[in-house]
Amino acid sequence: MDGNKSPTPAELTILIAGAVMLVGSFFDFAGSANAWGKYLFPLATLLPLYGVIMALEVGLTKFANMRLPPQVAGFTWEQVHLVLGILAGFMAVGWLITDISHKGFGFWLEVLGGIAIAAGAVSLQRERNTGAIG
Amino acid sequence: MNRKLAPANIVILTAGVVMLIGSFLSFYTFSGFGGTATFSAWSGASGFGIFGIATVAVLCGVVMAAQVGITTFANGVRVPDQVLGLGWDQIHLALGFQAALTMLAFLARSKGTLSFGLGFWFMLLAGIALMVGAIMRVTGSGAHLA
């Protein structure tokens with residue numbers, strides 16, 4: 001982290017998408033149940049959980065100047081973002097094509113957040129010149 | 001090409017195959033109204049949210065097993081050392097983690113009047129085995145024999 005407190009576009013995308021996914025998890029996901037409700041927890045909760053982890057890392061290092069360990073289980077934080085972002089994107093698409101009835105407002109917030117956070121994670125690789133993309 | 005499989009890769013290859021086979025067997029069983037209905041991981045329009053979500057776990061297992069199978073048995077097929085800057089050990093770890101977590105989430109989810117079928121148990125065990133195999137690769141438990 002460069003100490004610049006102004007978040008980059010990719011970081012902003014991750015922050016906003018993570019927040020949207022967290023907020024969305026408390027709105028109706030399927031029928032009148034939210035992502036924490038019966039029949040959906042913890043399956044539908046994985047998506048906002050990934051988003052929150054990613055947004056927290058960006059928020060803590062960017063705004064709280066917190067120094068996190070440089071690696072987690074052999075992954076740099078950029079790689080953690082890439083992996084969680086892509087998995088979140090896959091899950092979002094998975095939920096999009098699944099057959100649950102009465103998809104609620106929270107469902108759409110989570111799905112859109114999942115796709116946005118995947119895009120943010122990919123964009124972050126370019127911004128930080130990790131060499132993972134292009 | 002190296003035809004000798006390391007224990008970690010045997011675990012991943014076997015688990016991937018079990019995951020794929022399990023996905024075609026009964027995931028949920030519903031008994032009632034004088035009959036029994038079964039739903040596999042590919043069953044759409046059942047309203048239980050299996051297809052699309054359990055499918056992610058299946059795809060994780062298939063990709064992991066395919067990478068191991070191709071690098072071990074396929075003549076002349078070159079798999080890139082890295083994908084998006086991630087080494088294959090890291091990819092296996094990420095996909096194994098996702099497969100195990102998804103199946104454990106299905107296990108923990110309230111299923112109401114449904115019962116788990118044989119396919120679910122195959123997929124759950126395979127998901128956990130994929131994670132174990134990936135950890136074995138990373139920690140080097142048998143990873144150096146291949």
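Residues numbered from 1 in each chain as written. Chains lettered and ligands numbered in written order. Predicted model: local features only at pLDDT ≥ 70, side-chain atom pairs only at ≥ 80, totals over all residues.

A few words now on the overall build of chain A. Per the secondary structure count, chain A includes four helices and four strands. Ordered by position from the N terminus, the helices and strands of chain A form the series α-β-β-α-β-β-α-α. Against the globule reference of 14 Å for 134 residues, chain A gives a C-alpha radius of gyration of 15 Å, in line with a compact fold. C-alpha atoms of chain A, sized along the principal axes, occupy 45 × 30 × 25 Å. A burial count over chain A gives 45% of its 134 residues as buried. For chain A, restricting intrachain contacts to residue pairs at least 6 apart in sequence, the fraction spanning at least 24 positions comes to 75%. (Helix = DSSP H or I, 4+ residues; strand = E, 2+ residues; numbered from the N terminus. Rg over C-alpha atoms; globule rule 2.2 N^0.38 Å. Buried ≥ 20, exposed ≤ 12 C-beta atoms within 10 Å, placed from the backbone. Contact = placed C-beta atoms within 7 Å.)

What chain B contains, in helices and strands, is four helices and five strands. Each helix (α) and strand (β) of chain B, taken in turn from the N terminus, gives the series α-β-β-α-β-β-α-β-α. Relative to all contacts within chain B whose residues are 6 or more apart in sequence, the contacts with residues 24 or more apart total 75%.

To continue, consider the pairing of strand 1 (residues 28-32) of chain B. All names here are of chain B. One ladder, built from five bridges, connects strand 1 with strand 2 (residues 35-39); its direction is antiparallel. Directly across from Thr29, in strand 2, lies its bridge partner Thr38. What sits between the antiparallel neighbours strand 1 and strand 2 is a turn of two residues, in which Phe33 has the positive phi angle 50°. Bridge count between strand 1 and strand 5 (residues 114-116): three bridges; the pairing is antiparallel. Pairing of Thr29 across the sheet is with Ser115, part of strand 5. (Pairing = 2+ DSSP bridges.)

Contacts between chain B and chain A engage 25 residues on the former and 26 residues on the latter. Elements supplying a minimum of two residues to the side of chain B that touches chain A: helix 2 (54-73) and helix 3 (88-108) of chain B. No other element matches the eight residues that helix 3 of chain B contributes to the side of chain B that touches chain A. Residues belonging to the side of chain B that touches chain A are distributed by class as follows: 13 nonpolar, 11 polar and one charged. (Nonpolar A, V, L, I, M, F, W, Y, C, P; charged D, E, K, R; others polar.)

Moving on: the nonpolar core. Core analysis: the biggest nonpolar cluster contains 77 residues, and Ile14 of chain A together with Ile12, Met123 and Leu130 of chain B have the highest contact counts within it. When residues of this core are assigned to their parent elements, the largest contribution, 10 residues, is made by helix 4 (residues 118-139) of chain B. What Ile12 of chain B contacts, discounting residues up to four positions off in sequence, is Met64, Ala65, Val68, His92, Leu130, Gly133 and Ala134 of chain B. (Core = buried A, V, L, I, M, F, W, Y, C linked by C-beta atoms within 7 Å.)

Right, let's get into the environment of Leu84 of chain A. Residues and elements named next belong to chain A. Mapped onto the secondary structure, Leu84 falls in helix 3 (residues 77-97). Given 23 C-beta atoms within 10 Å, Leu84 falls into the buried group. Here the alpha-carbon distance between Leu84 and Ala121, two residues 37 residues apart in the chain, equals 8.2 Å. Not counting chain neighbours up to four residues away, the residues in contact with Leu84 comprise Tyr50, Ile53 and Met54.

This next bit is on the packing of helix 2 of chain B against helix 4 of chain B. Axes are the key here: two packed helices are described by the angle between their axes and the distance separating the axes. Residue and element names in this part refer to chain B. Contact geometry of helix 2 with helix 4 gives a least axis separation of 11 Å together with a crossing angle of 50°. By the angle class used here, helix 2 and helix 4 are oblique. Considering the relative orientation of helix 2 and helix 4, their crossing is left-handed. Counted together, Ala54, Ala57, Cys60, Gly61 and Met64 of helix 2 and Met123, Ala126, Gly127 and Leu130 of helix 4 form the full contact between these two elements. (Axes fitted to C-alpha atoms, helices over the stretch in contact; angles between N-to-C directions. Parallel < 35°, antiparallel > 145°, perpendicular 65-115°, else oblique. Left-handed = near helix turned anticlockwise from the far one by under 90°.)

For chain A, the average pLDDT comes to 93, and 96% of its residues sit at 70 or higher. Averaged pLDDT values over the elements of chain A bottom out at 92 in strand 3 (residues 71-72) of chain A and peak at 98 in helix 1 (residues 9-24) of chain A. (pLDDT = per-residue confidence, 0-100.)

All names here are of chain A. Interaxial distance between helix 2 (residues 46-63) and helix 4 (residues 105-127) falls to 10 Å at its minimum, and their mutual angle equals 45°. By the angle between their axes, helix 2 is oblique relative to helix 4. Between helix 2 and helix 4 lies a crossing of left-handed hand. Where helix 2 approaches helix 4, its residues Leu47, Pro48, Gly51 and Met54 are matched on the opposing element by Glu110, Gly113, Gly114 and Ile117. Its residues assigned to classes, the contact of helix 2 with helix 4 shows four nonpolar, three polar and one charged.

Among the secondary structure elements, Gly69 of chain B is positioned in helix 2. Taking the C-alpha atoms as reference points, Gly69 of chain B and Ile53 of chain B, separated by 16 residues in sequence, lie 25 Å from one another.

Residue and element names in this part refer to chain B. The antiparallel open sheet is built from three strands, whose spatial order is 2-1-5. With partners counted over all chains shown, the strands left at the sheet margins are strand 2 and strand 5, one partner each. For this sheet, the mean inter-axis angle between neighbouring strands, taken without regard to orientation, is 30°.

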